[in-house]
Protein chains: 2
Amino acid sequence: MQISEVAKEFGLTTDTLRYYEREGLIGPITKGKNGIRNYTEEDIKRIQFVKCMRSAGLEINFLKRYIQLFEGGDKTVKERREILVEQRKILKEKLDAMQEAYNRLNYKIDLYDKNILDKNLM
Amino acid sequence: MQISEVAKEFGLTTDTLRYYEREGLIGPITKGKNGIRNYTEEDIKRIQFVKCMRSAGLEINFLKRYIQLFEGGDKTVKERREILVEQRKILKEKLDAMQEAYNRLNYKIDLYDKNILDKNLM
DNA sequence: ATATCACTTAGAGTTTACTTCAAGTCAATA
DNA sequence: TATTGACTTGAAGTAAACTCTAAGTGATAT
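Okay, so let's go over this structure. Remember, it's a predicted structure, so these values are computed and weren't measured experimentally.

1. Details of the protein's contact with DNA strand C
- DNA strand C sits among 16 residues. The nearest are Asp15 and Arg54 of chain A together with Ser4, Arg18 and Lys31 of chain B.
- Within 4 Å of the protein, the contacting atoms of DNA strand C are 77% sugar and phosphate, with bases supplying the remainder.
- Gln2 of chain B places a polar side-chain atom, nitrogen or oxygen, 2.9 Å from a phosphate oxygen of DNA strand C.
- When contributions to the surface near DNA strand C are tallied by element, the ones reaching two or more residues are α2 (14–22) of chain A together with α1 (3–10) of chain B.
- Broken down by class, the residue content of the surface near DNA strand C amounts to 5 nonpolar, 4 polar and 7 charged.

2. So, the relation of the copies chain A and chain B
- The two copies are related by a screw operation: chain A maps onto chain B through 180 degrees of rotation and 0.0 Å of translation along the axis, at an RMSD of 0.1 Å. Both copies are brought into coincidence by an operation consistent with a two-fold rotation axis. Minimal C-alpha distance to the rotation axis in chain A is attained by Leu95 of chain A, lying at 3.3 Å.
- A share of 100% of interface residues in chain A that are also interface residues in chain B marks the association as one of identical surfaces.

3. Focus: helix α5 (residues 77–113) of chain B
- Between its first and last C-alpha, α5 of chain B extends 52 Å over 37 residues, near the 54 Å set by a 1.5 Å rise per residue.
- Positive backbone phi, at 60 degrees, marks Asn115 of chain B, one or two positions downstream of α5 of chain B.

4. Quick word on the interface of chain A and chain B
- Taken together, the contacts link 41 residues of chain A with 41 residues of chain B.
- Scanning the region where chain A abuts chain B turns up 2 salt bridges.
- Across the pair Arg81 of chain A and Asp113 of chain B runs a salt bridge whose closest N-O atoms are separated by 2.3 Å.
- Put simply, chain A and chain B have 12 residue pairs in polar contact (both at pLDDT 80 or more) between them.
- Residue assignment for the side of chain A that touches chain B shows that the elements contributing at least two residues are α3 (41–55), α4 (60–71) and α5 (77–113) of chain A.

5. Focus: the protein's contact with DNA strand D
- In the vicinity of DNA strand D lie 16 residues, with Ser4, Arg18, Lys31 and Arg37 of chain A together with Arg54 of chain B positioned nearest.
- In DNA strand D, the atoms that sit within 4 Å of the protein are 77% sugar and phosphate, with bases accounting for the remainder.
- Within the contact set of DNA strand D, a phosphate oxygen lies 2.5 Å away from a side-chain nitrogen or oxygen of Arg18 of chain A.
- A distance of 3.3 Å is found between a phosphate oxygen of DNA strand D and a backbone nitrogen or oxygen belonging to Ile60 of chain B.
- Within the residue set of the surface near DNA strand D, elements represented by two or more residues are α1 (3–10) of chain A together with α2 (14–22) of chain B.
- At 5 residues, the largest contribution of residues to the surface near DNA strand D is made by α2 of chain B.
- Of the residues in the surface near DNA strand D, the class split is 5 nonpolar, 4 polar and 7 charged.

6. Some thoughts on unusual backbone geometry
Residues and elements named next belong to chain A.
- Omega for the peptide link from Gly27 to Pro28 comes to 10 degrees, which places this bond in the cis form.
- By the secondary structure assignment, Pro28 is in the loop between α2 and α3.
- Residues other than glycine seldom take positive phi values, yet Asn115 does so here, at roughly 60 degrees.
- As for its position among the elements, Asn115 is in the segment after α5.

Conventions adopted
Residues numbered from 1 in each chain as written. Chains lettered and ligands numbered in written order. Predicted model: local features only at pLDDT ≥ 70, side-chain atom pairs only at ≥ 80, totals over all residues. Heavy atoms only, no water. Near = heavy atom within 4 Å. Polar contact = N/O pair within 3.5 Å; in protein donor to acceptor, adjacent residues only side chain to side chain. Helix = DSSP H or I, 4+ residues; strand = E, 2+ residues; numbered from the N terminus. Nonpolar A, V, L, I, M, F, W, Y, C, P; charged D, E, K, R; others polar. Least-squares fit on C-alpha atoms with pLDDT ≥ 70 in both. Contact = heavy atoms within 4.5 Å. Expected span 1.5 Å × (residues − 1). Salt bridge = Lys/Arg side-chain N within 4 Å of Asp/Glu carboxyl O.

If you want it as structure tokens, here you go:
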């Protein structure tokens, strides 16, 4: 699978895919004689994971580190678990903050819908 | 209330508070003769709102625009409602993406807890 | 009196995550 | 054969949101 197809499938740009590769988040992707990247099913899976985590706001640096640990083999299991738990905590806090803002937006939109012209900003 | 107290209460830095003010998200905060900011209850409420929305990832530019509209009075109600709905949509999409990543993290941590050493990254 | 501390300003610097640029290769089509 | 289009590279540029610096003021503690 070529870079443009992968980019399209995941809603990323080809530049972003090459950037992720440079940063060690994916690949290195094997290239044909002409130097063109050919993405395997394994590569695609990795991209799917990276995309999911990035969409949730997890940092490139965390992903890099986690992947490095993963490649370090079984002896890194403990540390891997620890950083996943840490990221989960951060994510949970963000989720809660977002839920709160979401509720607040809903409430305010509801007031607009009921034509209640609140003199308060929010 | 002085800037450092406000900063402490909201877990922001004084620099950030002054930055928000420069950007027109809050204030202008009235100052004493010595030039020192004195935050009123109204100011605090505004900061609370800004903090809530920023924590959810809403952009400074959106907040700026919404606040400008608000200060434009009743004739801006329609547009205000529209941009709130737009932001709610964006927020909902982010929430869903984060929930997915959260579930995935949970699943993986669960595997680690059960000592299932998965050969897959995620 | 002098030092300390919190505050003030304008403006420069930093971080994160891309994004764009310039220059070039290669295969296919007009 | 010439041009089009997708790919390649390293490096420079950008946007958003802070964050820090330098220089200064003014009230209070020693």
